[in-house]
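# Reading the structure
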Amino acid sequence: NSSDLSPSSFILASIPGLEAAHFWMATLLCFMYILAVTGNCAVLFIVKTEPSLHAPMYFFLCMLAAIDLALSTSTVPRTLSFYWFNTREISFGACLVQMFLIHTLSAIESTVLLAMAMDRYVAICHPLRHAAVLTNAVTVKIGLVAMARGVIFFLPLPLLLLPLPFCGSRVLSHSFCLHQDVMNLACANTTPSIVYGLTAILLVMGLDAVLICLSYILILKAVLRLASWKERLKVFSTCVAHICVVLAFYVPLIGLSVVHRFGKDLAPLVHIIMGIIYILVPAVLNPIIYGVRTKQIQRRILNLLHIHSN
């Protein structure tokens, strides 16, 4: 517990009393990571090689897959190194870079989910204008805006932490670096960092969540105007996969925020599990959800399996 104005490293969190189980936890984590990488790479490959999937909705799906790959890869290998080889220290610079990647990629994913909600809104409420409004060029521009938005809003987070002094404990609450976690270890006034972090989250994830809800309210109104329940279910079923993906992203995000805000007295295991869920569960579930709900992806996977079996 030495005091330095510029810390050389932080200590990643372990689970008191369960150190002997680290190997098995890492094995499970590695299995989930392999599932995430395999599933998202499969989505990218299938969309790239299947001309019928060269449409805005599937381009957005590719963006989600790329984001999930980057987010899981920026955290899981370092976590596996900690659990398997007990390398608990992470340098101050590496911690800030990892923090920037986690928050920025999460912001980009939130923006892409909003764009997918808008895509569903235009496709259902204004079907004749869908092809003209959401062209491939517009889809690429939305992707670039999503990247710029994430970087602009979340680059200041590590910059605000750079000049802060850190003293006392250097032990984090997770096996990776988050802004709230690192900020709590500073022994100085963190009000500017708190205010900016909260503002950035509200203006990005918070605003996106509100607009996604608004999109689905408008979609629901349009669906309810259809003549029969069969038509209503058929149209709304095109949104089921996206709704599941939105829940897979926002529920862990909200859960992690609640744990940081109100769970200071909770067991360390709760913090670590919530962090892993936030990082890995969307990356594992997204390809499965779209694989189950999208017939073109199903057919392509079955064709690939049939070719390899022969």
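Just so you know, these numbers come straight off a predicted model, no measurement behind them.

### Regarding the environment of Tyr278
- When you line up the elements, Tyr278 lands in helix α12 (residues 268-293).
- Accessibility expressed as a relative area gives 5% for Tyr278, which makes it buried.
- Residues Tyr278 and Tyr83, spaced 195 residues apart in sequence, show a C-alpha to C-alpha distance of 18 Å.

### A short note on the nonpolar core
- If you look at the biggest cluster of nonpolar residues, it comprises 84 residues, and the most contacted ones within it are Phe10, Val112, Leu113 and Val182.
- Sort the elements by how many residues they give to this core and helix α4 (residues 92-125) lands first, with 15 residues.
- If we ignore the near neighbours within four places in the chain, the residues touching Leu113 are Leu64, Ile212, His242, Val245, Val246, Phe249 and Tyr250.

### Some points on the UniProt feature "domain: G-protein coupled receptors family 1 profile" (unreviewed entry) in the protein
- Look at the UniProt record and you will see "domain: G-protein coupled receptors family 1 profile" (unreviewed entry) annotated at residues 39-290.
- With 77% helix and 1% strand, the stretch residues 39-290 has end C-alpha atoms that lie 10 Å from each other.

### Focus: the UniProt feature "transmembrane region" (unreviewed entry) in the protein
- Here, the residues flagged by UniProt with the feature "transmembrane region" (unreviewed entry) are residues 20-46, 58-76, 96-117, 138-162, 194-219, 240-263 and 269-292.
- End-to-end, the C-alpha atoms of residues 20-46 are 41 Å apart, and along that stretch the chain is 93% helix and 0% strand.
- Taken end to end, residues 138-162 is 92% helix and 0% strand, and its first and last C-alpha atoms sit 37 Å apart.

### Examining the packing of aromatic side chains
- On inspection of all chains with the given rule, the structure shows 6 aromatic pairs.
- A centroid spacing of 5.0 Å and a plane angle of 85 degrees characterise the contact between Phe23 and Trp24, whose relative ring orientation is edge-to-face.
- Between Phe92 and Phe166, the aromatic rings sit 5.8 Å apart at their centres with planes inclined by 65 degrees, giving edge-to-face as the arrangement. Residue Phe92 is located in helix α4, and its partner Phe166 is located in the loop between α7 (156-161) and α8 (179-183); the two are separated by 74 residues in the primary sequence. Both residues of the pair, Phe92 and Phe166, count as buried.
- Three or more aromatic residues link up through ring pairs in this structure, and these residues are Phe10, Phe92 and Phe166.
- We note Arg232 situated over the ring of Trp229; from NZ or CZ to the ring centre the distance is 4.7 Å.

About the cut-offs
- Residues numbered from 1 in each chain as written.
- Predicted model: local features only at pLDDT ≥ 70, side-chain atom pairs only at ≥ 80, totals over all residues.
- Heavy atoms only, no water.
- Helix = DSSP H or I, 4+ residues; strand = E, 2+ residues; numbered from the N terminus.
- Buried < 20%, exposed > 50% of the residue type's maximum accessible area, 1.4 Å probe, protein only.
- Core = buried A, V, L, I, M, F, W, Y, C linked by side-chain atoms within 4.5 Å.
- Contact = heavy atoms within 4.5 Å.
- UniProt positions renumbered as here; feature names shortened; annotations may be inferred.
- Phe/Tyr/Trp six-rings, centres within 6.5 Å; stacked < 30°, edge-to-face > 60°.
- Lys NZ or Arg CZ within 6 Å of the ring centre and 35° of its normal.

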